[in-house]
Structure formats: C-alpha cells, structure tokens
Amino acid sequence: QHGTMQPWPEAIKNTMIHVEKILQSRQGLTGMSSGFSHLDHVMQGMRPGEMIVLAARPSMGKTSLMMDIAKHAGLLQHNVHIYSLEMSARSLGLRMVCAEAQVDSHKVRTGRFNDEEHLRLANAAARLSQCSFFVNDRANDIAEIVGAVKREAEYHKIGLVAIDYLGLIYTRYARGESRDREIGMITRQLKALAKEIDAPVLCLSQLSRVNEAAKDKRPTLNALRDSGNIEQDADTVLFIHSDDYYDREAEAGAQKQEWRSDLIIAKQRNGPTEDIPMVFKRQFTRFYEVDSRQPESASVTSDWYTQN
C-alpha cells in the first residue's frame, strides 16, 4: 500500500495502457465528443479531469453552445450534470426543445406555432427525454455544487459537469475577500473537482468590455472577467466571437438571424490553439459547424433574440 502516492513505473504503465486505448479507438479521441467534429479534432474531445471555460459577451450564445455539447453527451448516455444559475430548468428545457425541433422559440413563447411545428416540438421532446440529464437550478454556492457532484459521483459515473455561469457562483468562505480572490477560490475547487470525479467540467464565463473599444474586437485572455485565476486554472479556454454581433449594435435596422461566429480555442494546455468557424442560428438558439448542411432559416421580423 502506498496511500495516495503512485510509484513512477506504475504511472508509466498506466500511461501506455491509455495510449493503446487511444490507438484502438475508432475516433482517436482521448476525451468525450463535443458533437462538433472540427472542435473534437483540435481538442481530441473533452478530456476527463480537465476544466474547460467557455466565455463570451452577453447574448452571444454561451448557454446555447453549452447545451448543444451537453445534449450530444446526454444522448450518448453520458450522465450530464447541469448547474443553471441563470435560467430555470423549465426555461432551459424550453430552449433545448425549440433548438432540437428547429422551431422559433419566440413563436413558442407567444403561442404562435402551427400544428406542424407542434408535432416537431413533441418529437424533439421525446428525443431529448432520452438524455441522461440531471439539472439543478437552485445551487449558487461552490461548496453546495461541489458537494452535490461528489455525492452523485458515489452512485453513478459522471460524464460531464456543465455550469452556467461562473460569475454567479459565490463562496461563503470568502468573507471580505475581493471578487478576484473569491473567483480564484472557486476555479481552484472546480479544477480539483474535475480531477476527483475524473470528468470534464465545462464552466461558462462572461467577458469584460476591455477589447470592445479596439478596432479588432476579438477577445483575448485578459478579457476574462473578475480574475486572472480563470486563465491560470483552466486547462482549455474557448471564446465565442462574432462580427455580426457588433454589426447588430452598430446598425439597429440590419438584424440577422444567422451569425457567423468563430469558436476560438485561446488556450489549450495539452494541444494547439485554433479558430473554428461556426454559424449561430439565433431563432433556434443553436450552433452548427460551417460545413454542416442545414436548412435555411425562416424569416422573422422580431429582434427578440437579442433581448433574451
């Protein structure tokens, strides 16, 4: 018995066993698939034990992308634990059903959907009910979140923990500390949690406006709000950036339903950085890879999506 210490020869042996599993894998992924082939190719999947931060400005699609990834994992029967600090479970469910059915979420909220769309919603709900999801929309204390995840991990293997979002998490142990230091305490605990449960932890974060006065508004790591600890503790940092988002702000009358977006891998501890072209269909609150063959969006007049 060596307690928590592991002899180096044993670590090397386990590493080579892991390498052999990678070679035998069809996809060659070392982690869980995100559902986006280009992202999987660059990241080699979402690896167990890693903390992944997905950050963007408000209304740019952070929650939508998180739920796209969570849905893919859930349909593959990975146990996905979602901590939604910003939206209720019902609101999250409605958004997911509309995205899966490709029905305008504003039409559903106002009851203006037709029979054919109603059928699509019902079929989408049936498919999504097969997801292995566990949703908590009440917890906002890091100790409560970590404790709940650890308890669940005793009963079943957790495939992914998704948290929306970091800026709404607090800790009762901060007591007079600055928000910067408090965020640092939180990110360290999330990283430790990922290692302990041997699963990826995907955490959303807001970006500051630090880059928005510049001509090039692409986010950089110093735009992560509240703390440099986010960059330090995260194994991977992803940004969503869209020039169409800023065109919308500059030209109020030119509203686009589809935004060309870049999913920027700004930091990857165990891999390269790269920009991945995506399309965000706002009326469906859903992301697609640029090369995916998807139907054209139906026209809408409302700019409700930018307000929600």
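Anyway, here's the lowdown on the structure attached to this text. (Residues numbered from 1 in each chain as written. Predicted model: local features only at pLDDT ≥ 70, side-chain atom pairs only at ≥ 80, totals over all residues. Heavy atoms only, no water.)

**Notes on the pairing of strand β2 (residues 79-84)**
1) Next: Taking burial as the measure, the 6 residues of β2 include 6 buried ones, the bulk of the element.
2) Next: By the alternation rule, side chains of β2 split into Asn79, His81 and Tyr83 and Val80, Ile82 and Ser84, which are all buried.
3) Next: Note: β2 against strand β4 (residues 158-164), 6 bridges, orientation parallel. Bridge pairing links Tyr83 to Ile163 in β4.
4) Next: Two strands pair when backbone bridges link them, and β2 and strand β3 (residues 133-136) are joined in this way by 4 bridges, in the parallel orientation. Pairing of Tyr83 across the sheet is with Asn136, part of β3. (Buried < 20%, exposed > 50% of the residue type's maximum accessible area, 1.4 Å probe, protein only. Helix = DSSP H or I, 4+ residues; strand = E, 2+ residues; numbered from the N terminus. Pairing = 2+ DSSP bridges.)

**Observations regarding the pattern of salt bridges**
1) Next: On inspection of all chains with the given rule, the structure shows 14 salt bridges.
2) Next: One salt bridge connects Arg179 with Glu182, and the closest N-O pair in it is separated by 3.0 Å. Note that Arg179 and Glu182 are positioned in helix α8 (residues 179-197) at a spacing of 3 residues, about one turn of the helix.
3) Next: A relative accessible area of 8% places Glu182 in the buried class.
4) Next: Among the ionic contacts, a cluster of salt bridges with common partners joins Lys71, Glu100 and Arg127. (Salt bridge = Lys/Arg side-chain N within 4 Å of Asp/Glu carboxyl O.)

**Here's the deal with the packing of helix α7 (residues 142-153) against α8**
1) Next: As a packed pair, α7 and α8 sit with axes 11 Å apart at the nearest point and diverge in direction by 0°. Looking at the two axes, α7 sits roughly parallel to α8. Of α8, the residues touching α7 (which contributes Ile142, Val146, Val149, Lys150 and Ala153) are Ile186, Gln189, Leu190, Leu193, Glu196 and Ile197. (Axes fitted to C-alpha atoms, helices over the stretch in contact; angles between N-to-C directions. Parallel < 35°, antiparallel > 145°, perpendicular 65-115°, else oblique. Contact = heavy atoms within 4.5 Å.)

**Focus: the nonpolar core**
1) Next: Counting residues in each nonpolar core, the largest one holds 46 residues, and the members touching the most others are Leu65 and Leu263.
2) Next: The contacts of Leu65, once residues within four sequence positions are left out, are Phe36, Leu54, Ile240, Leu263, Met278 and Phe287.
3) Next: With 33 residues, the next largest nonpolar core counts Ile145, Val161, Cys203 and Ile264 among its residues. (Core = buried A, V, L, I, M, F, W, Y, C linked by side-chain atoms within 4.5 Å.)

**Examining the sheet that holds β2**
Either a parallel or an antiparallel arrangement is found when strands of a sheet pair, and the pairing is made through backbone hydrogen bonds.
1) Next: The mixed open sheet is built from 9 strands, whose spatial order is β3-β2-β4-β5-β1-β6-β7-β8-β9. The sheet terminates laterally at β3 and β9 (286-289), the two strands that pair on one side only. Strand-to-strand twist across the sheet, computed as the mean angle between neighbouring axes with direction ignored, equals 25°.
2) Next: The sheet contact formed by strand β1 (residues 51-56) and strand β5 (residues 201-206) spans 6 bridges and is parallel. Residue pairing for β5: Val53 is matched across the bridge by Cys203.
3) Next: Along the sheet face, helix α3 (residues 62-75) touches β1, β2, β3, β4, β5, β6 (236-241), β7 (258-268), β8 (274-281) and β9 and points at about 170° away from the line of β5.
4) Next: Sheet strands touched by α8: β1, β4 and β5. Its angle to β1, the strand with the most contacts, is close to 135°.

**A closer look at helix α6 (residues 115-128)**
1) Next: For α6, with 14 residues, the first-to-last C-alpha span of 20 Å sits near the 20 Å given by 1.5 Å per residue.
2) Next: Along α6, the residues classified as buried are Glu117, Leu121, Ala124 and Leu128. All buried residues of α6 project into a common sector of 65° when viewed along the axis, lining one side. Facing away from the buried side of α6 by over 90 degrees, the exposed positions are Asp115 and Leu119.
3) Next: Elements that come into contact with the buried residues of α6 comprise α3, α4 (89-101) and α5 (105-109).
4) Next: The opening residue of α6, the one whose side-chain oxygen lies 3.1 Å from the backbone nitrogen of Glu116, is Asn114. (Expected span 1.5 Å × (residues − 1). Arc of directions from axis to C-beta. Polar contact = N/O pair within 3.5 Å; in protein donor to acceptor, adjacent residues only side chain to side chain.)

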